[in-house]
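Structural features, examined
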Amino acid sequence: MRVIPAVDIRKGKCVQLVGGDPDTEQDYGDPLSAALQWQERGAERVHIIDLDAAMGEGENIEEILRIVENSDMEVQVGGGVRSVEKVEKLLNSGIDDVIIGTTAFKNPDVFEKILGLGVGDNVFVALDARDKKVVIEGWKESTDKDVIETAKELEDKGVGGFLFTNVDVEGKLEGLDAKMVKNLVEAVDVPVFAAGGVKSIKDIKKAKKAGASGVIIGTAIYEEKLNLEEALEL
């Protein structure tokens, strides 16, 4: 299992939000500095979300590419990845994996074209959930899609894996939704990365026991509630 620090970017800054609400923003400074801090402490992969792009309020591609060009970590990027052109641009820029959310649900034709590029192994779908139903558009729009059934359908289309986030606990340090992670892992054969609510080493152990291939840590390491080195050792 991979332990992956999160670098969420909004208006050029590294931030953390509670439940995706911009009004809860906590500023942690320069994104590159944040990423390099986690690299120096042992992280081998970084999880970058472009919050402005996810919310349709611009993008932070220059900040993302600074991290790619100035770090030795593997990089996975999500937030506002909604076109074939953007997927090609990101993957051709040295980014290892892209995470697609809204487009997989609202623009199936575009999503099929993305998978048609032959990069399915490098395409993860964000399964952001509230009350076990998928939410999209930067968590602002609810759907009636069941997370597990949706995952099975998308796996059949050839995606490389899933990033599951329980939006209800995101950024609140309330603990990982390990039961839902386990159910998802058992439902599909591709990797499942877990995010949302991670607050302690106990959550890292829960994610591992649930069978997650990776766990994303954000607020807990920025607020020094969880020791990254200890998590990586697990």
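Coordinates for the structure precede this section.
About the thresholds
- Residues numbered from 1 in each chain as written.
- Predicted model: local features only at pLDDT ≥ 70, side-chain atom pairs only at ≥ 80, totals over all residues.
- Heavy atoms only, no water.
- Helix = DSSP H or I, 4+ residues; strand = E, 2+ residues; numbered from the N terminus.
- Rg over C-alpha atoms; globule rule 2.2 N^0.38 Å.
- Buried < 20%, exposed > 50% of the residue type's maximum accessible area, 1.4 Å probe, protein only.
- Contact = heavy atoms within 4.5 Å.
- Lys, Arg positive; Asp, Glu negative; His and termini not counted.
- Charge placed at Lys NZ, Arg CZ, Asp CG, Glu CD.
- Core = buried A, V, L, I, M, F, W, Y, C linked by side-chain atoms within 4.5 Å.
- Pairing = 2+ DSSP bridges.
- Right-handed = clockwise from strand over helix to strand, strands pointing away.

Brief notes about the overall build of the chain
Of the regular secondary structure elements, the chain holds 11 helices and 12 strands. Its C-alpha atoms give the chain a radius of gyration of 16 Å, near enough to 17 Å, the size a compact globule of 234 residues would have. Counting only C-alpha atoms, the chain reaches 40 × 35 × 30 Å along its principal axes. Residues classed as buried in the chain amount to 56% of the 234 residues present. The long-range share in the chain, meaning contacts at least 24 apart out of those at least 6 apart in sequence, stands at 67%. Within the chain, the 46 negative side-chain charges are centred at a point lying 5 Å from the centre of the 29 positive side-chain charges.

Things to note about the environment of G118
In this fold, G118 is placed in the loop between α6 (108-115) and β7 (123-130). Distance in space between the C-alpha atoms of G118 and R41 is 34 Å, their sequence separation being 77 residues.

Digging into the nonpolar core
Looking at soluble globular proteins, one finds that nonpolar side chains tend to be buried together. V7 and L127 are the most contacted members of the largest nonpolar core, which totals 69 residues. In terms of residue count, the dominant contributor to this core is helix α3 (residues 61-70) (five residues). Once residues within four sequence positions are removed from consideration, L127 is found in contact with F105, V134, V147, T150, A151, L154, F162, L163, F164, T165 and L184. Counting nine residues, the second-largest nonpolar core is a separate cluster that includes A6, F124, F193 and A195.

Examining the pairing of strand β10 (residues 161-166)
With six of six residues buried, β10 lies mostly within the body of the structure. Burial of β10 is two-sided: the residues G161, L163 and T165 facing one way and the residues F162, F164 and N166 facing the other way are all buried. Bridge count for β7 against β10 is six bridges, and the pairing is parallel. By the bridge assignment for β10, D128 is matched with T165. Of the pairings in the sheet, the one linking β10 to strand β11 (residues 192-195) comprises four bridges and is parallel in character. Note that in β11 the partner of F162 across the bridge is V192.

Some points on the pairing of β11
Burial of the side chains of β11 extends over both faces: V192 and A194 are buried on one face and F193 and A195 on the other. Sheet topology places β11 next to strand β12 (residues 214-217); two bridges connect them, and they run parallel. Residue pairing across strands places A194 opposite V215, the latter belonging to β12. The handedness of the β11 to β12 crossover, carried by helix α9 (residues 201-210), is right-handed.

Remarks on α9
Those residues of α9 not exposed but buried are I201, D203, I204, A207 and A210. The secondary structure elements touched by the buried residues of α9 are β1 (2-10), α8 (178-187), β12 and α11 (228-233). Trailing α9 by a residue or two, G211 shows a phi angle of about 95 degrees, which is positive.

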